[in-house]
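Structural description and commentary
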Amino acid sequence: MNGYTLMAESYRKLMNEGKIEKEVAEKEIRIYEFLATCDDDDKCIMVDSSAFNDIIRAFLKMAVKNADIDEEAQDKVLNQLRWIFDEKTAKEVLQNG
């Protein structure tokens, strides 16, 4: 059993105890059960598909904006992030990060 399976079981328990709405729990359970079947290559393929790019970029942009660096440095970092998303695969980033 991995962490994703444990999360699915936690949502199943919360649903059965009536602590979370069934529709919400079922969606969480479905996603965590799917992730439990994925290996690192599968996760890289999902990231490379660009399905998560907007979300990842928003997280990174927030981090850069909240960092104590000047605006010019922020722009450099954000430009590098755009380049990395366009030019590198998830596997390359994991191996070289």
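One structure accompanies this document, and this report is about it. (Residues numbered from 1 in each chain as written. Predicted model: local features only at pLDDT ≥ 70, side-chain atom pairs only at ≥ 80, totals over all residues. Heavy atoms only, no water.)

1. Structural notes on the overall build of the chain
What counts, and what does not: Labels follow the DSSP assignment, with helices taken as runs of H or I lasting at least four residues and strands as runs of E lasting at least two, numbered in each case from the N terminus. Computation of the radius of gyration draws on C-alpha atoms alone. For the globule rule, the value is 2.2 Å times the number of residues to the power 0.38. A 1.4 Å probe rolled over the protein chains alone gives each residue an accessible area, and that area as a share of the maximum for its type sets the label: buried under 20%, exposed over 50%, partly exposed in between. Two residues qualify as a contact provided that any one of their heavy atoms is within 4.5 Å of a heavy atom in the partner residue. Computed with the Shrake-Rupley method and a 1.4 Å probe, the accessible areas treat only the protein chains shown as cover for residues. Positive residues here are Lys and Arg, negative ones are Asp and Glu, while His and the chain termini are left out of the count. Here the site of a charge means atom NZ of a Lys, CZ of an Arg, CG of an Asp or CD of a Glu.
Along the chain, the regular secondary structure elements total six helices and zero strands. Over its C-alpha trace the chain gives a radius of gyration of 18 Å, far above what one expects of a compact globule, namely 13 Å for 97 residues. For the chain, the C-alpha atoms occupy an extent of roughly 50 × 30 × 20 Å along the three principal directions. Here the chain holds 97 residues, and 16% of them are scored as buried. Relative to all contacts within the chain whose residues are 6 or more apart in sequence, the contacts with residues 24 or more apart total 44%. Taken as a whole, the chain presents about 7600 Å² of accessible surface, with 54% of it coming from carbon and sulfur. The centroid of the 14 positive side-chain charges in the chain is displaced by 3 Å from the centroid of its 21 negative side-chain charges.

2. Side note on the packing of aromatic side chains
The geometry of two aromatic rings is summed up by the distance between their centres and the angle between their planes. Cut-off, in case you're wondering: Aromatic pairing here means that ring centres of Phe, Tyr or Trp (its six-membered ring) are within 6.5 Å. Orientation follows from the plane angle: under 30 degrees is stacked, over 60 is edge-to-face, and everything else is tilted.
Counted by the stated rule, this structure contains two aromatic pairs. Ring geometry for Y4 versus Y32: centroids 6.4 Å apart, planes at 25°, classification stacked. Taken as a pair, Y4 in helix α1 (residues 3-16) and Y32 in helix α2 (residues 22-36) lie far apart in primary sequence, 28 residues in all. According to the relative accessible area criterion, Y4 is partly exposed, its value standing at 27%.

3. Some points on unusual backbone geometry
Positioned with a positive phi, S50 is a non-glycine residue whose angle comes to about 75°. Mapped onto the elements of the fold, S50 is located in the loop between α3 (40-48) and α4 (53-66). Classification of S50 by relative accessible area gives partly exposed; the value is 41%.

4. So, the nonpolar core
The line we're drawing: Residues belong to a common nonpolar core when they are buried Ala, Val, Leu, Ile, Met, Phe, Trp, Tyr or Cys residues joined through side-chain atoms within 4.5 Å.
The biggest cluster of nonpolar side chains holds nine residues, and these are A8, Y11, M15, A25, I29, Y32, L35, C38 and M46. Of all the secondary structure elements, the ones that give two or more residues to this core are α1 and α2. With four residues, α2 is the single largest residue contributor to this core. Leaving out residues up to four positions away in the same chain, A25 has contacts with Y11, M15 and I20.

5. Some remarks on α2
Note on helix geometry: an α-helix contains 3.6 residues per turn, so any two residues three or four positions apart are oriented the same way. Counted only if it meets this: Helix span, as expected, comes to 1.5 Å for every residue beyond the first. The directions from the helix axis to the C-beta atoms are what the arc is built from.
Helix length check: α2 (15 residues) gives 21 Å between terminal C-alpha atoms against 21 Å at 1.5 Å per residue, within 8%. Among the residues of α2, A25, I29, Y32 and L35 are the ones counted as buried. All buried residues of α2 project into a common sector of 130° when viewed along the axis, lining one side. Among the exposed residues of α2, those oriented more than 90 degrees off its buried face are E23 and K27. Buried residues in α2 make contact with α1 and α3.

So yeah, pure geometry; function would need other evidence.
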